[in-house]
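Below, each chain spelled out in residue letters.
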Amino acid sequence: GENVEQHPSTLSVQEGDSAVIKCTYSDSASNYFPWYKQELGKRPQLIIDIRSNVGEKKDQRIAVTLNKTAKHFSLHITETQPEDSAVYFCAARRGGGSNYKLTFGKGTLLTVNP
Amino acid sequence: KAGVTQTPRYLIKTRGQQVTLSCSPISGHRSVSWYQQTPGQGLQFLFEYFSETQRNKGNFPGRFSGRQFSNSRSEMNVSTLELGDSALYLCASSPGTSGDEQYFGPGTRLTVT
């Protein structure tokens, strides 16, 4: 089955710096890659996603890049703010019209220090 | 639109008991997936329902089951509870036929003593 590795497990940055979280996946048939942000005691919140026919996607301060050949994708957060502090999860989904199973990475605890 | 709702939010049960959790998806969404979240194992897929049928299943024992009703609301049941079943159970709502996005509910925190 699919396996998703996520690094680093913890990341501490200064406010205003950039943060990068990387994930690799094992199933070459995966074609959908979402990122979720989970604040303490809250639900995972979808913040950005990318499909395998796209190499990069941006939404204000966040961006995701995908390298299908290497089977890895990354989340980039620029100009970090204290409210960006949370656990971030990457996930992958195998292609197929009726497959909605997401396989998640173990998460990255991002701390943005003021 | 209202978001995904789950009830109850917190539950304390004893080993050997059974429990039923409920999830109401976003209006118009027909797919409901269930996930177990624990500190050690992270987020793990349990199963997914679409139009009252289980379409996908994760690697959990048969004690974990679910169903979906005609209004797309879903329930999951865990029988013969074990201490290791203590976790946050999350459901996620998706359109099911178009669109890949899954939106999570607030979860049910289950504690087994």
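First, a word on scope: everything that follows refers to the structure included in this document. (Residues numbered from 1 in each chain as written. Chains lettered and ligands numbered in written order. Predicted model: local features only at pLDDT ≥ 70, side-chain atom pairs only at ≥ 80, totals over all residues. Heavy atoms only, no water.)

1. Details of the state of the cysteines
Phase 1 of the analysis: With the rule as written, the count across this model stands at two disulfides over all chains.
Phase 2 of the analysis: Note on cysteine connectivity: A:Cys23 is disulfide-linked to A:Cys90, with sulfurs 1.9 Å apart. Given an S-S torsion of about -100°, the disulfide between A:Cys23 and A:Cys90 has left-handed geometry. Here A:Cys90 lies in strand S9 (residues 86-94) and A:Cys23 lies in strand S3 (residues 19-25), a separation of 67 residues in the sequence. As far as the burial class goes, A:Cys23 and A:Cys90 line up, both buried.
Phase 3 of the analysis: Bridging B:Cys23 to B:Cys91, the disulfide has an S-S length of 1.9 Å. Across the S-S bond of B:Cys23 and B:Cys91 the torsion is about 75°, and the bridge reads as right-handed. Taken together, the residues span a long stretch of sequence, with B:Cys23 in strand S3 (residues 19-24) and B:Cys91 in strand S9 (residues 87-94) at a distance of 68 residues.
Phase 4 of the analysis: You can call B:Cys91 buried: its relative accessible area is 0%. (Disulfide = S-S within 2.5 Å. Helix = DSSP H or I, 4+ residues; strand = E, 2+ residues; numbered from the N terminus. Buried < 20%, exposed > 50% of the residue type's maximum accessible area, 1.4 Å probe, protein only.)

2. Things to note about the interface of chain A and chain B
Interface extent is often summarised as the accessible area lost during association of the parts.
Phase 1 of the analysis: Taken together, the contact between chain A and chain B spans 18 residues of the former and 27 residues of the latter.
Phase 2 of the analysis: Carbon and sulfur atoms make up 49% of the area that chain A and chain B hide from each other, which totals about 1,800 Å².
Phase 3 of the analysis: On the chain A side of the contact with chain B, A:Arg43, A:Tyr100 and A:Phe104 bury the most area, a combined 36% of that side's loss.
Phase 4 of the analysis: The interface formed by chain A and chain B includes one salt bridge.
Phase 5 of the analysis: Every element with two or more residues in the side of chain A that touches chain B is listed here: strand S4 (30-38), strand S5 (45-51) and S9 of chain A. (Contact = heavy atoms within 4.5 Å. Buried area = accessible area lost by both parts, 1.4 Å probe. Salt bridge = Lys/Arg side-chain N within 4 Å of Asp/Glu carboxyl O.)

3. As for the nonpolar core
Phase 1 of the analysis: Ranked by internal contacts, the top residues of the largest apolar core, which has 23 residues, are A:Trp35, A:Phe73 and A:Leu110.
Phase 2 of the analysis: Put simply, the parts of the chain that give this core at least two residues each are strand S2 (10-14), S3, S4, S5, strand S7 (62-67), strand S8 (72-77), S9 and strand S11 (108-113) of chain A.
Phase 3 of the analysis: Ignoring sequence-local partners within four residues, the contact set of A:Leu110 consists of A:Leu11, A:Val13, A:Ala19, A:Ile77, A:Asp84, A:Ser85, A:Ala86 and A:Tyr88.
Phase 4 of the analysis: Core analysis: the next-biggest nonpolar cluster, separate from the first, contains 21 residues, B:Leu21, B:Phe64, B:Tyr89 and B:Cys91 among them. (Core = buried A, V, L, I, M, F, W, Y, C linked by side-chain atoms within 4.5 Å.)

Fair warning: the whole summary comes from geometry, so function is off the table for now.
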